[in-house]
Amino acid sequence: MRSLHTDEIIKNVREMCIEANLQLAPDMTEAIHNGLENETGNLARQILGQLEQNMQIAKEDKIPICQDTGMAVFFVNVGQDLHIEGMSLTDAINEGVRQGYTDGYLRKSVVKDPLLRENTKDNTPAIIHYDIVPGDKLEILIAPKGFGSENMSKLYMLKPADGEEGVKNAILQAVSEAGPNACPPLVVGVGIGGDFELCAKLAKKALTRNVNESSKLPHIKEIEDEVLDKINHLGIGPGGLGGRTTALAVNIETYATHIAGLPVAVNMCCHVNRHVKRTL
Amino acid sequence: MDIKITTPLSKEELIKLHSGDYVYISGTIYSARDAAHKRMYETMEKGEKLPFDIKDNVIYYLGPTPAREGQVIGSAGPTTASRMDKYTPRLLDSGLSGMIGKGKRSKEVIDAIVRNKCVYFAAVGGAGALLSKCIKKSEVIAYDDLGTEAIRKMEVEDFPVIVVIDSKGNNLYETAVEQFLAKEVEK
């Protein structure tokens, strides 16, 4: 059986926290640049230009792209034939977050109790979603999530009779209501199906798929394309100040659901859609 | 129109700014976000003195990342303004002249902006590295225990913002989208 020591996990998580907050993946930078090319309005072009300049400065001067360096959200696939040595896996990930957010000069944005609101001062605890998978590897994906956009997310428990139209309307309604608050251009993560909590998790997971990749399910890809087009005709635009680039992508993930239900979750993400994956 | 202004901002200067103006701010501004607003509000409720004189001043809704050695401040972009809506009318009625943030405001805030002839500016959300370059000095002056949410006194130079809600209540978030859609229809 293959063994992996938690020291190795801590070291990698630390680096991933810093990397994710200083530089966006190529799919995101490309999508923002395409948005700029497609805009005709001066203000929309100026704002997208500032976002490109911002990413350049972030990379060169090691200043986080956005001051909201997020809550550290993880999707972790644990190979069932892997043996983890050292401390508990959850403690190791949190230790990596602690080191990454401290050593990387990232913002500590987590309060211990949602009502008492005392800052934990090291950005822990992280939010970790585990899956047990075949194999002997550990796959870690970090997606630091800012809350300006998170706050504009929605969950709709639709009826089966609402069907495809109901789903499309729900996504459009969520984006319209978010308006300028979620820092457009957005990436819109959508979960359809499952139950109350899995649906929301699917929406978050959808945000980690590259923005230039469509769903592999043809009927879902059609919805992604149609809704993205409709969103970009709402006129909200970069910064919410008018334009064609309201969203860079609509990513949908689905799961089986109950005969009585059609849950739809819309997880908003701003243009600082960060995700870094490593396999150990 | 591109305009340069220097804080503090008098009412005479504020009424000259119009929704949609691109403005470069220089001078002193103060950072305060959720927790600092709550504390300031409670201080005023008790009839005590605020940690800085808000009269004619500008508050920036900001919680920056920590500065590296040799940097004035870390990433420093605006946070969503609507979370401060509960506390804002009282600050505007007490002399605050402007706010920098991003996103929509409540009717109560817009009414208070018009009543007091103030201005709500937006900076570009998610451009924190770029905006940090316009901040030349930064010093925590109150609520140090709040970490990133402490109140900072900052000197800015040509800090780029857009007038979203002007002293007459014109709201760029509504008009810009309407104008854009009307233009697209023409095409």
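Everything numeric in this text was worked out from a predicted model, so none of it was measured. (Residues numbered from 1 in each chain as written. Chains lettered and ligands numbered in written order. Predicted model: local features only at pLDDT ≥ 70, side-chain atom pairs only at ≥ 80, totals over all residues. Heavy atoms only, no water.)

**Notes on the overall build of chain A**
Step number 1: Counting its secondary structure elements, chain A contains 8 helices and 10 strands.
Step number 2: Rg of the C-alpha trace for chain A: 19 Å, near the compact-globule value of 19 Å for 280 residues, within the 12% margin.
Step number 3: Principal-axis analysis of the C-alpha atoms gives chain A an extent of 55 × 50 × 40 Å.
Step number 4: For chain A, buried positions account for 55% of its 280 residues.
Step number 5: Accessible surface computed for chain A: about 11,900 Å², of which carbon and sulfur atoms make up 52%.
Step number 6: The distance from the centre of the 28 positive side-chain charges to the centre of the 37 negative ones in chain A is 3 Å. (Helix = DSSP H or I, 4+ residues; strand = E, 2+ residues; numbered from the N terminus. Rg over C-alpha atoms; globule rule 2.2 N^0.38 Å. Buried < 20%, exposed > 50% of the residue type's maximum accessible area, 1.4 Å probe, protein only. Areas by Shrake-Rupley, 256 points an atom, 1.4 Å probe, with all protein chains shown as cover. Lys, Arg positive; Asp, Glu negative; His and termini not counted. Charge placed at Lys NZ, Arg CZ, Asp CG, Glu CD.)

**Focus: the domain arrangement of chain A**
Residues and elements named next belong to chain A.
Step number 1: Domain assignment breaks chain A into domain 1 (2-20 + 65-145) and domain 2 (148-274).
Step number 2: On a C-alpha basis, the centres of domain 1 and domain 2 stand 26 Å from each other.
Step number 3: At the interface, 15 residues of domain 1 touch 13 residues of domain 2.
Step number 4: Between domain 1 and domain 2, a total of about 1,100 Å² is buried, with carbon and sulfur atoms accounting for 61% of that surface.
Step number 5: The largest per-residue losses of area from domain 1 upon contact with domain 2 belong to Phe75, Pro144 and Lys145, which jointly make up 48% of the total buried on that side.
Step number 6: Linking domain 1 with domain 2 are 1 salt bridge, by the criterion used here.
Step number 7: For lysine 145, the salt bridge is made with glutamate 150, and the minimal N-O distance between the two is 3.0 Å. (Domains from an automatic or database assignment. Contact = heavy atoms within 4.5 Å. Buried area = accessible area lost by both parts, 1.4 Å probe. Salt bridge = Lys/Arg side-chain N within 4 Å of Asp/Glu carboxyl O.)

**Details of the pattern of salt bridges**
All names here are of chain A.
Step number 1: In this structure the tally under the stated criterion is 32 salt bridges over all chains.
Step number 2: A salt bridge links arginine 14 to aspartate 103; the shortest N-O distance between them is 3.0 Å. Of the two residues, arginine 14 is situated in helix 1 (residues 6-22) and aspartate 103 in helix 4 (residues 89-103); the sequence distance between them amounts to 89 residues.
Step number 3: Overall, the relative accessible area of 26% leaves arginine 14 in the partly exposed class.
Step number 4: You can call aspartate 103 partly exposed: its relative accessible area is 39%.

**Topic: the side chain of Glu39(A)**
All names here are of chain A.
Step number 1: Within the secondary structure layout, glutamate 39 lies in the loop between helix 2 (26-38) and helix 3 (42-61).
Step number 2: Of the side chains with opposite charge, arginine 244 lies nearest to the buried glutamate 39, which makes no salt bridge, at 5.4 Å.
Step number 3: Here threonine 245 takes part through its side chain, which lies 2.6 Å from a polar atom of the side chain of glutamate 39. (Polar contact = N/O pair within 3.5 Å; in protein donor to acceptor, adjacent residues only side chain to side chain.)

**Focus on the sheet that holds strand 10 (residues 276-279) of chain A**
Residues and elements named next belong to chain A.
Step number 1: Ordered by their spatial adjacency, 4 strands build an open sheet running 4-2-5-10, and the pairing between neighbours is mixed. The strands lining the two open edges of the sheet, one partner per strand, are strand 4 (127-133) and strand 10. With strand direction ignored, the average angle separating the axes of adjacent strands in the sheet is 15 degrees.
Step number 2: In terms of strand pairing, strand 2 (residues 71-79) meets strand 4 through 7 bridges, oriented parallel. If you follow asparagine 77 over to strand 4, its bridge partner there is aspartate 131.
Step number 3: Most of the contacts of helix 7 (residues 196-206) go to strand 2, to which it runs at about 95 degrees, and overall it touches strand 2, strand 4 and strand 5 (138-145). (Pairing = 2+ DSSP bridges. Axes fitted to C-alpha atoms, helices over the stretch in contact; angles between N-to-C directions.)

**Some details on empty space enclosed by the protein**
All names here are of chain A.
Step number 1: Tallied over the entire structure, the rule returns 3 cavities of 30 Å³ or more.
Step number 2: Its boundaries defined by the atoms lining it, the largest cavity holds a volume of some 120 Å³.
Step number 3: Looking at the lining of the largest cavity, its residues break down into 10 nonpolar, 4 polar and 1 charged.
Step number 4: Approximately 70 Å³ is the volume attributed to the second largest cavity.
Step number 5: Every residue lining the second largest cavity is listed: Ala143, Pro144, Lys145, Lys204, Leu207, Thr208, Cys269, Val272, Asn273 and Arg274.
Step number 6: At 3 residues, the largest contribution of residues to the lining of the second largest cavity is made by strand 5.
Step number 7: Residues that form the lining of the second largest cavity fall into these classes: 5 nonpolar, 2 polar and 3 charged. (1 Å grid on protein atoms, 1.4 Å probe; cavity = no way out; pocket = protein on both sides within 12 Å on 5 of 7 lines; lining within 4 Å. Points joined across faces, edges and corners; volume = space filled by probe spheres on them. Nonpolar A, V, L, I, M, F, W, Y, C, P; charged D, E, K, R; others polar.)

**As for the pairing of strand 5 of chain A**
Residues and elements named next belong to chain A.
Step number 1: The element strand 5 is extensively covered by neighbouring structure, given that 7 of its 8 residues are classed as buried.
Step number 2: Relative to strand 5, strand 2 runs antiparallel, the two being bridged by 8 bridges. What sits directly across from alanine 72, in strand 5, is proline 144.
Step number 3: Sheet topology places strand 5 next to strand 10; 4 bridges connect them, and they run antiparallel.

**Remarks on the sheet that holds strand 7 (residues 186-194) of chain A**
Residues and elements named next belong to chain A.
Step number 1: Pairing in this open sheet of 4 strands is mixed, and the strands run 6-9-7-8 from one edge to the other. Edge positions in the sheet fall to strand 6 (154-158) and strand 8 (247-257), since each of these pairs with one other strand and no more. Ignoring strand direction, the axes of neighbouring strands in this sheet form an average angle of 15 degrees.
Step number 2: One ladder, built from 6 bridges, connects strand 7 with strand 9 (residues 262-269); its direction is antiparallel. Counted as the bridge partner of valine 187 is cysteine 269 from strand 9.
Step number 3: Sitting on the sheet, helix 8 (residues 218-231) is in contact with strand 7 and strand 8, with an inclination near 145 degrees to strand 8.

**Focus on the interface of chain B and chain A**
The parts lose accessible area when they come together, and the size of an interface is often stated as this lost area.
Step number 1: Between chain B and chain A, the residue contacts involve 44 residues of the former and 45 residues of the latter.
Step number 2: Interface area, chain B with chain A, both sides summed: about 3,400 Å², of which 57% is carbon and sulfur.
Step number 3: Considering only the side of chain B, the residues that lose the most area to chain A are Arg68(B), Leu130(B) and Phe180(B), jointly responsible for 18% of the buried surface there.
Step number 4: At the surface where chain B touches chain A, the tally comes to 2 salt bridges.
Step number 5: Our count for the chain B to chain A interface comes out at 21 residue pairs in polar contact (both at pLDDT 80 or more).
Step number 6: Elements that contribute at least two residues to the side of chain B that touches chain A include exactly helix 5 (128-132), strand 7 (151-165) and helix 6 (172-186) of chain B.
Step number 7: The residue inventory of the side of chain B that touches chain A, partitioned by class, reads 19 nonpolar, 15 polar and 10 charged.

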